[in-house]
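The primary structure of each chain is shown beneath.
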Amino acid sequence: MFEDLEVDMPNTKITNQSDGDASPTPSNYEREKLHMEEAYIFEIAHIRAMVEEFRGDNTIRVHAWIEKLEQVFRALKLNKSQQLIAACYLLTGTACIFRRTCHFKDYDDLKAKLLEEFQGQECNDQDIIRELLRKRLQGEDVSHYVREMIEMANGCNIAEVDLVDIIIDGLEDNSSLVVMLYGAKTIAELKSLLPRYKKRRFYS
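All values reported here derive from a predicted model rather than from experimental measurement.

Caption draft 1: Structural context of helix H6 (residues 107-118). Helix length check: H6, at 12 residues, gives a terminal C-alpha distance of 16 Å against a target of 16 Å (1.5 Å per residue), a fit within 8%. When we look at burial in H6, the residues that qualify are Tyr107, Asp109, Leu110, Leu114, Leu115 and Phe118. Buried residues along H6 sit in contact with helix H3 (62-76), helix H4 (80-89) and helix H5 (93-101). Structurally, the start of H6 carries an N-cap: the backbone nitrogen of aspartate 108 is 3.3 Å from a side-chain oxygen of aspartate 106.

Caption draft 2: The arrangement of the packing of helix H8 (residues 142-152) against helix H9 (residues 160-169) in detail. Close contact between H8 and H9 brings their axes to 10 Å; oriented N to C, the two are set at 140 degrees. In terms of axis orientation, H8 runs oblique to H9. H9 is crossed by H8, and the crossing has right-handed handedness. Along its contact with H8, which presents Tyr145, Val146, Met149 and Ile150, the element H9 presents Leu163, Ile166 and Ile167. Tallied by class, the residues present in the contact of H8 with H9 amount to 7 nonpolar, no polar and no charged.

Caption draft 3: Representation of unusual backbone geometry within the structure. Not every positive phi belongs to a glycine, and lysine 77 is a case in point at roughly 55 degrees. Along the chain, lysine 77 falls in the loop between H3 and H4. Positive phi, normally seen in glycine, also occurs at glutamate 172, with a value near 50 degrees. Structurally, glutamate 172 can be placed in the loop between H9 and helix H10 (187-202).

Reading the values: rules and limits
- Residues numbered from 1 in each chain as written.
- Predicted model: local features only at pLDDT ≥ 70, side-chain atom pairs only at ≥ 80, totals over all residues.
- Heavy atoms only, no water.
- Helix = DSSP H or I, 4+ residues; strand = E, 2+ residues; numbered from the N terminus.
- Expected span 1.5 Å × (residues − 1).
- Buried < 20%, exposed > 50% of the residue type's maximum accessible area, 1.4 Å probe, protein only.
- Contact = heavy atoms within 4.5 Å.
- Polar contact = N/O pair within 3.5 Å; in protein donor to acceptor, adjacent residues only side chain to side chain.
- Axes fitted to C-alpha atoms, helices over the stretch in contact; angles between N-to-C directions.
- Parallel < 35°, antiparallel > 145°, perpendicular 65-115°, else oblique.
- Left-handed = near helix turned anticlockwise from the far one by under 90°.
- Nonpolar A, V, L, I, M, F, W, Y, C, P; charged D, E, K, R; others polar.

Encoded structure:
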């Protein structure tokens, strides 16, 4: 189904309305119009740079993923055909298999079917919190670990200060250095302390 999808992209050509073979110089209006059309050329790379793929394996809640996806749609001013293609490209794993086996007529139809299929299979808040508690820092990439924890908690009903404490506990640092992080009450405060913490833990 997806292979047959096409997007109507701007394809403006400057035509020669005068006699003879010489092509006229484009007017300022024509050049500006062409520039604006080129600025809105749709590339899937723009979407993938801002929205993670949806696998349908409970690591990302489908409602939260769609909300983030549609924020990008609005920012890039994508039409419905472009939205459908972008959504299909970002479905992988189980979600990709579902896309290939279900029938949909447009983006809104696909969205409704994704919500119907995957919303009921999502982990509840307690399941997500248990996963967060099990996750631990691997190696020295503290920033990557923190971002993964934030992503896992996306859409979960958990107090921000509790998430911060879980993230710090997952660092598994028994030294006195970790004390500097426990003053953080928000994710933003925690992130602001990480550079100093990483420098003292791994590079001092």
